[in-house]
Amino acid sequence: DAPYGLYAMDVSYRYDLDRIIAAGVRDDQAYIDAVVAQVLPGVPAHVQAPQFACSAFVAVDAEGRVRTGRNYDFKDDTSALLVRNHPRGGYASIGLAALNNLGDNTPLDSVAGRAAALMGPFAQLDGVNECGVSIAVLTLDSKPCDQDTQRPVINTSLAIRLVLDRAATTQEAVDLLSAYDMHAMAGRDYHFFINDAAGDARVAEWDPRDPDRAFKATPVRQVTNFYACYGDEVLPNQKNDELGHGKERAVAIADVLDAHVGAQDEAVAWKALRAAAQEPNPEDITSNTQWSVAYNNTDLTSDIVIRRNWKDITHYDLKENKERK
């Protein structure tokens, strides 16, 4: 529904992830400035720090193919940008960014819009790389994490870039993230659903009950906007203070997956995505499913639906780097 759509871009410009991390990212604007300095030297770009909620899960079919399902829910409508990233010295990946976070929902209409879209790799909300590692960020209700244990600092957006560029397994992703202090962006808190081609699905979190916000990686099959490490204490259909909300969406996904154990094919993944999708509600920041994506961690493909238009699926192949029918 115009003016919101699905756009795609290939990214092959050179960027230095370590240099961006070294710039210090405790300040959201300083992070954006550090990225702009590399991506668009001399060009003023308007970029907001991203905000996000969602559902994510892992499904395994009878042939052992692993899929990651993900709904991106946010109350404000946005265009989606499929970022096809080919970093020098890193793994190729595909993933989605919300164009309203980049300040332009119609990027082809202006030079400024095209320039903003170039920031896509540093505003991604999910993705899968050529090794079959996928990551998706989901918002939480706890106090924003701002760890300070003298390690290098990364923020929410850099965590996604780091995993997609450098992790070949879920374990490598967990090891990478645990080596940094985490700064949560945009005044909210977050966790990450990480999966790989072996189906090793875990949620990376920073313990809200620990003064130092200790890093935890909890094996799960599905998660929404609550702490997986305290999942047993979270009840559905209510706010659970700092532990989060949205358990009822995780239960809806679990019901679908439980009914098809050992045979969670593409159709089942979409059934689970539909079960957890949300209609618009201007009062609820985690309503209004903007996109639904099924990443195939085994075959390295993605199937994308914009705003619950379930019959209109865009198929993309990472290995061939092209859309497929």
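Please refer to the structure placed before this passage.
Summarised in this report is the structure supplied together with it. Only a predicted model underlies this, so the values are computations on that prediction, with no experimental measurement involved.

Take unusual backbone geometry next. For Ala186, which is not glycine, the phi torsion reads 60° and is therefore positive. Tracing the backbone through its elements, the reader meets Ala186 in the loop between β9 (181-183) and β10 (189-195). According to the relative accessible area criterion, Ala186 is partly exposed, its value standing at 22%. Of note, Asp241 is a non-glycine position whose phi angle comes to about 50°, a positive value. On the secondary structure map, Asp241 appears in the loop between β14 (225-226) and β15 (244-245). According to the relative accessible area criterion, Asp241 is exposed, its value standing at 69%.

Another aspect to go through is the pattern of salt bridges. According to the stated counting rule, one finds 24 salt bridges in the structure shown. Here the salt bridges do not stand alone but share partners, grouping Arg26, Asp146, Asp148, Arg151 and Asp181 into one network.

Moving on to the packing of aromatic side chains. Counting across every chain of the model gives six aromatic pairs. The interplanar angle of 80° and the centroid separation of 6.0 Å between the aromatic rings of Phe192 and Trp206 together place this pair among those described as edge-to-face. Residue Phe192 is found in strand β10, and its partner Trp206 is found in strand β11 (residues 202-206); the two are separated by 14 residues along the sequence. For the pair Phe192 and Trp206, a shared accessibility class is recorded, and that class is buried. Across from the ring centre of Phe226, 5.6 Å away, lies the NZ or CZ of Lys247, which sits over that ring.

In terms of burial, β10 is largely enclosed, as seven of its seven residues are buried. Residues Asp189, His191, Phe193 and Asn195 point to one face of β10 and Tyr190, Phe192 and Ile194 to the other, with burial holding for every one of them. In terms of strand pairing, strand β7 (residues 134-140) meets β10 through seven bridges, oriented antiparallel. By the bridge assignment, Ala136 is partnered in β10 with Phe193. One ladder, built from three bridges, connects β10 with β11; its direction is antiparallel. Bridge pairing in β11 places Phe193 opposite Val203.

To continue, consider the side chain of Asp196. Structurally, Asp196 is set in the loop between β10 and β11. It turns out Asp196 is buried and unbridged, and the closest side chain with the opposite charge, Arg202, is 6.6 Å from it. Here Asp200 takes part through its backbone nitrogen, which lies 3.0 Å from a polar atom of the side chain of Asp196. The residues touching Asp196, leaving out its near neighbours within four places in the chain, are Val66, Gly132, Val133, Thr169, Thr170 and Asn297.

As a further point, take the nonpolar core. Core analysis: the biggest nonpolar cluster contains 80 residues, and Phe122 and Phe192 have the highest contact counts within it. The dominant element in this core, judged by the number of residues it contributes, is helix α4 (residues 156-166), at six residues. Other than its neighbours up to four places away in sequence, Phe122 contacts Tyr13, Tyr15, Leu17, Ile20, Tyr31, Val35, Val39, Ser157, Leu158 and Arg161. If you look at the next biggest cluster of nonpolar residues, it comprises 14 residues, including Phe57, Ala59, Trp270 and Ala294.

Attention now moves to the sheet that holds strand β5 (residues 93-98). Taken in spatial order, the eight strands line up as β1-β4-β5-β6-β7-β10-β11-β12 in an open sheet, and their pairing is mixed. Two strands bound the open sheet, and with one partner strand each, they are β1 (6-11) and β12 (215-219). Here the average twist between neighbouring strands, direction ignored, is 20°.

Let us look at the environment of Leu81. Following the sequence through the fold, Leu81 ends up in strand β4 (residues 80-85). By relative accessible area, which is 2% here, Leu81 ends up buried. Spatially, the C-alpha atoms of Leu81 and Leu96 are 5.4 Å apart, while their sequence positions differ by 15 residues. Discounting residues that sit within four places of it in the chain, Leu81 has contacts with Tyr7, Ala8, Met9, Gly95, Leu96, Ala97, Leu99, Leu102, Ala117 and Gly120.

What follows concerns helix α7 (residues 266-276). Buried within α7 we find Val268, Ala269, Trp270, Ala272, Leu273 and Ala276. Of the residues that open α7, the one with a side-chain oxygen 3.2 Å from the backbone nitrogen of Ala267 is Asp265.

The description of two packed helices rests on the angle between their axes and on the distance between the axes. Interaxial distance between helix α6 (residues 247-258) and α7 falls to 8 Å at its minimum, and their mutual angle equals 155°. Between α6 and α7, the angle is such that the two are roughly antiparallel. As for the relative orientation of α6 and α7, their crossing is right-handed in sense. The residues of α7 that touch α6, namely those facing Arg249, Ala252, Ile253, Val256 and Leu257, are Val268, Lys271, Ala272, Ala275 and Ala276. Split into classes, the residues belonging to the contact of α6 with α7 amount to eight nonpolar, no polar and two charged.

Conventions we followed
- Residues numbered from 1 in each chain as written.
- Predicted model: local features only at pLDDT ≥ 70, side-chain atom pairs only at ≥ 80, totals over all residues.
- Heavy atoms only, no water.
- Helix = DSSP H or I, 4+ residues; strand = E, 2+ residues; numbered from the N terminus.
- Buried < 20%, exposed > 50% of the residue type's maximum accessible area, 1.4 Å probe, protein only.
- Salt bridge = Lys/Arg side-chain N within 4 Å of Asp/Glu carboxyl O.
- Phe/Tyr/Trp six-rings, centres within 6.5 Å; stacked < 30°, edge-to-face > 60°.
- Lys NZ or Arg CZ within 6 Å of the ring centre and 35° of its normal.
- Pairing = 2+ DSSP bridges.
- Lys, Arg positive; Asp, Glu negative; His and termini not counted.
- Polar contact = N/O pair within 3.5 Å; in protein donor to acceptor, adjacent residues only side chain to side chain.
- Contact = heavy atoms within 4.5 Å.
- Core = buried A, V, L, I, M, F, W, Y, C linked by side-chain atoms within 4.5 Å.
- Axes fitted to C-alpha atoms, helices over the stretch in contact; angles between N-to-C directions.
- Parallel < 35°, antiparallel > 145°, perpendicular 65-115°, else oblique.
- Left-handed = near helix turned anticlockwise from the far one by under 90°.
- Nonpolar A, V, L, I, M, F, W, Y, C, P; charged D, E, K, R; others polar.

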